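Residue-level listing of the chains:
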Protein chains: 2
Amino acid sequence: MTNKKPLILITNDDGYQAKGIAELINAMKGLGEIVVFAPDTHRSGMSSAITTTHPLRARIYHKEENLTAYMCNGTPVDCVKLALNEFVERKPDLLVSGINHGSNAGISVLYSGTVAAALEGCVFDVPSIAMSLCDFTPDADFTATAKVARKLAEKVLKDSLPKGICLNVNVPAGEVKGVKMTTQTQGKWVNEYQRSKDGGDREVFWMTGNFENWDANNENNDEWALANGYAAVVPVKIDMTAYDLIPEMKEWEIQC
Amino acid sequence: MTNKKPLILITNDDGYQAKGIAELINAMKGLGEIVVFAPDTHRSGMSSAITTTHPLRARIYHKEENLTAYMCNGTPVDCVKLALNEFVERKPDLLVSGINHGSNAGISVLYSGTVAAALEGCVFDVPSIAMSLCDFTPDADFTATAKVARKLAEKVLKDSLPKGICLNVNVPAGEVKGVKMTTQTQGKWVNEYQRSKDGGDREVFWMTGNFENWDANNENNDEWALANGYAAVVPVKIDMTAYDLIPEMKEWEIQC
């Protein structure tokens, strides 16, 4: 018997208990058969980290018609890899990651586990979308973000995405005026550590920081869209080659 | 007093005790003042993961003229961030990461802590190079790789690199015929898990796998260069935007 329903793989980096993933599952209901494969705990900032030093485990924590949900002790990318290698019986038609509690715009694309999960879907040639809401609070209002996720999922299920490209979607808190197709904002995090002392009076450093926008007046980038009330969609490539530089590099004289 | 010597930051993902980083430090000696800031243990496959759930610590483990070496309990990217935010007094002229024990060619650019450290240097606008030797053995012969690292370091110290681009360099084991400027090979890891049982007879999954090359006949990519005895240099961008797709995406009808 062939199941003709689209297969949708859902994961995140805030863990299976986060409100964001529950909202994403609800947003995807009715679009197909859903498999959730999510970290068993908070795994933010994990980027594309993979687990090699200990084994992975996975178990079902919820099952209903058209929905099977697993939790796994790995990173977001471990979850995608393990699900696609060992747990799903056919290639998904769509992967959606999130909804992340907090922005993954700009340079955060490098550090985000939510985006990394979508990049990993892309490695497997599964059309993939990372969804984030620019609100860190655990009880954030995901209504508008869920609607954007649903619309984009319908679009991607219908027309797919080019090989090697996934979508990094950030949605502002509050009212959403519309959706903008944007570039990754140039900038970086600054003042990244707070010095503190441990119980033995030894110096320790806690990660903190502020995003410094180097391109604040560019109306084509994701930070501009978010600051102006729009959801920002950045197409992200897994091929990181800077092709433009290669001809010049071929002129370098590197003897060895 | 102004120190006119170039400042070189060195890190890796195999940890401060790896042979690869010792060989890299030796290869950089004489080019400037060296600061090593390396993980205190093996941190392979960490990608651009950052540590937010516990604090970082760092301490000096070695000091000699023109060389100060710290170990840190963070990931490779934590090491770069902490060094540049809190430990070095001026912006380095060069960051070199490695020498990794094992290839970081092709899609491994996404998962590699060695490459992530160079990407992070790039975020800080420090000209950055990731060095890997395609030999996983702890006592691998790094002679040729160290020579390539030295030549590239001299080139980059002299002429810098364009903003937002770092170099991912892989060197084959054995004799090296020369250096090729290449693209990231298209392909992915397959058969990524080995099923096993824990002591309680519960199923666990260990990461393993083989690289499947989708572009084996392309003489411009890094896997081709390595298979043919050349060191492969890929220029890697921190801006992952797929610019080409944006005009088409602007035609999408996404109402919300």
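Reading guide: rules and limits
- Numbering of residues starts from 1 in each chain and follows the order in which that chain's sequence is written.
- Written order determines the labels here, with chains lettered from A and ligands numbered from 1.
- Local features in a predicted model are, by the rule used here, given only for residues with pLDDT of at least 70; side-chain atom pairs are given and counted only at 80 or more, and totals for whole chains, interfaces and linings are based on all residues.
- Once C-beta atoms are placed from the backbone, each residue is buried if 20 or more other C-beta atoms lie within 10 Å of its own, exposed if 12 or fewer, and partly exposed for counts between those two.
- Secondary structure elements are taken from DSSP: a helix is a run of H or I of four residues or more, a strand is a run of E of two residues or more, and numbering for both begins at the N terminus.
- By definition, residue pairs are in contact when their C-beta atoms, positioned from the backbone, come within 7 Å.
- In this classification, Asp, Glu, Lys and Arg are treated as charged, Ala, Val, Leu, Ile, Met, Phe, Trp, Tyr, Cys and Pro as nonpolar, and every other residue, Gly included, as polar.
- Copies overlap after least-squares fitting; the atoms used are the C-alpha atoms of residues with pLDDT of at least 70 in both.
- DSSP bridges decide pairing: two strands pair if at least two such bridges lie between them.
- The angle between two axes is taken between their N-to-C directions and runs from 0 to 180 degrees, where each axis is a line fitted to C-alpha atoms and a helix contributes only its stretch in contact.

Draft legend 1. How the structure looks around helix α3 (residues 113-123) of chain B. All names here are of chain B. Buried residues dominate α3, accounting for 11 of its 11 residues. All of the buried residues along α3 are Gly113, Thr114, Val115, Ala116, Ala117, Ala118, Leu119, Glu120, Gly121, Cys122 and Val123. One or two residues past the end of α3 sits Asp125, with phi positive at roughly 60°.

Draft legend 2. Summary view of the interface of chain B and chain A. Tallying the contact residues gives 64 residues for chain B and 64 residues for chain A. Class assignment of the residues belonging to the side of chain B that touches chain A gives a composition of 40 nonpolar, 13 polar and 11 charged.

Draft legend 3. Inspection of the relation of the copies chain B and chain A at higher detail. For the pair chain B and chain A, the relating rotation is 180°, the translation along its axis is 0.0 Å, and the fit reaches an RMSD of 0.0 Å. The transformation just described matches what one would write down for a two-fold rotation axis. The fraction of interface residues of chain B whose copies in chain A are also interface residues reaches 100%, indicating that both copies meet through the same surface.

Draft legend 4. Quick look at the environment of Lys63 of chain A. Residue and element names in this part refer to chain A. Inspection of the secondary structure puts Lys63 in strand β3 (residues 58-64). When the 9 C-beta atoms within 10 Å are taken as the criterion, Lys63 is described as exposed. The spacing of Lys63 and Tyr193 is 130 residues in sequence and 42 Å in space, taken between C-alpha atoms.

Draft legend 5. Examining the sheet that holds strand β3 (residues 58-64) of chain B more closely. Residues and elements named next belong to chain B. The mixed open sheet is built from 9 strands, whose spatial order is β3-β4-β2-β1-β5-β6-β7-β13-β8. Bordering the open sheet on either side are β3 and β8 (178-181), each of which pairs with just one other strand. For this sheet the average axis-to-axis angle between neighbouring strands, irrespective of direction, equals 20°. In this sheet, strand β4 (residues 67-72) lies alongside strand β2 (residues 33-39) in parallel orientation, the contact comprising 6 bridges. Bridge pairing in β4 places Val35 opposite Thr68. Along the sheet face, helix α1 (residues 19-28) touches β1 (7-11), β2, β5 (94-101) and β6 (128-133) and points at about 140° away from the line of β5. Contacts from helix α4 (residues 143-159) reach β5, β6, β7 (165-171), β8 and β13 (230-237), with the element oriented near 165° to β5.

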